[in-house]
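Close look at the chain arrangement
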Amino acid sequence: MDSQLHDMLFERHSIRKYTSQPIDPDAVKQILEAGLLAPSSKSARPWQFIVVEDRTKLEALAKSKKVGSRPLAGCAMAIVVVADPEKSDVFIEDASVAATMMHLQACALGVGSCWIQIRNRFDATDEPSANIVRSLLDIPYTLEPVCILACGMPDEQRRPVDPEKLEWQKVHIGSWKAAQQES
Ligand SMILES: Cc1cc2nc3c(=O)[nH]c(=O)nc-3n(C[C@H](O)[C@H](O)[C@H](O)COP(=O)(O)O)c2cc1C
């Protein structure tokens, strides 16, 4: 059975290096639409997305974590995914699904993107990354920054995943079974 989505899932990767080319505005719109179309528990849609293109702000966001946030310095656009814990007890899951939908939509459009974790992370001075992101972007303290999607036109090529490398031992049919020891 052919499926374009399935083929794309094997080709999808986190992309952390970007050209200086801007992202087509139609593609930006489609990426945001993918987030707004995300499923959420009880359809609460507890998320909000903040689009950041300002270079000074992107540089500052890139320093919001000790490690792992540098792709933000070179990206064309960042989408900060925040969610409201008052609107849903599963706001983290809901925000994560929305971020994943945008990551996949970006990939489908040839736009590279990478999830940058913010929740439960800290900068070089042990300041919570969430506080830094909130104060940089005037986000109210009632909202929880979950992650940032760094987006840009890819400046790196990554190989598709080899189907042989999939960890099928993590799939259990009928009931949980310990992985068989390799002889
Ligand atoms: C919850 C989550 C947090 C992540 N945090 C970061 C991050 O802070 N910085 C980063 O460069 N990549 C981050 N990533 C991307 C992962 O490193 C990446 O998905 C993983 O290495 C597998 O590579 P692939 O996406 O190319 O398959 C994160 C991914 C997820 C799902």
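Criteria and cut-off values
- Residues numbered from 1 in each chain as written.
- Predicted model: local features only at pLDDT ≥ 70, side-chain atom pairs only at ≥ 80, totals over all residues.
- Heavy atoms only, no water.
- Pairing = 2+ DSSP bridges.
- Helix = DSSP H or I, 4+ residues; strand = E, 2+ residues; numbered from the N terminus.
- Axes fitted to C-alpha atoms, helices over the stretch in contact; angles between N-to-C directions.
- Contact = heavy atoms within 4.5 Å.
- Salt bridge = Lys/Arg side-chain N within 4 Å of Asp/Glu carboxyl O.
- Core = buried A, V, L, I, M, F, W, Y, C linked by side-chain atoms within 4.5 Å.
- Buried < 20%, exposed > 50% of the residue type's maximum accessible area, 1.4 Å probe, protein only.

Concerning the sheet that holds strand S2 (residues 77-83)
- The sheet built from 4 strands is open, its strands ordered S1-S2-S4-S3 with antiparallel pairing. Every other strand in the sheet has two partners, leaving strand S1 (47-52) and strand S3 (112-117) as the edge strands with one partner each. Each strand of the sheet is rotated relative to its neighbour by a mean of 20°, with strand direction disregarded.
- Bridge count for S2 against strand S4 (residues 144-152) is 7 bridges, and the pairing is antiparallel. Paired with Ile-79 across the bridge in S4 is Leu-149.
- Packing of helix H5 (residues 91-108) onto the sheet brings it into contact with S1, S2, S3 and S4, and relative to S4 it is tilted by some 5°.

Some thoughts on the pattern of salt bridges
- In this structure the tally under the stated criterion is 5 salt bridges.
- With its nearest N and O atoms 3.8 Å apart, the salt bridge here joins Glu-33 to Lys-29. With Glu-33 and Lys-29 both in helix H2 (residues 25-36), this residue pair falls 4 residues apart, about one helical turn.
- We note a salt bridge from Lys-170 to Glu-167, for which the minimum N-O separation is 3.1 Å.

Brief notes about the nonpolar core
- Core analysis: the biggest nonpolar cluster contains 25 residues, and Ile-23, Phe-49, Ile-79, Val-81, Met-102, Val-111 and Cys-151 have the highest contact counts within it.
- Where this core is concerned, the elements lending two or more residues are H2, S1, S2, H5 and S4.
- Take this core: its biggest share by element is 6 residues, from H5.
- Contact partners of Cys-151, with chain neighbours within four places excluded, come to Tyr-18, Ile-23, Cys-75, Ala-76, Met-77, Ile-79, Val-111, Gly-112 and Ser-113.

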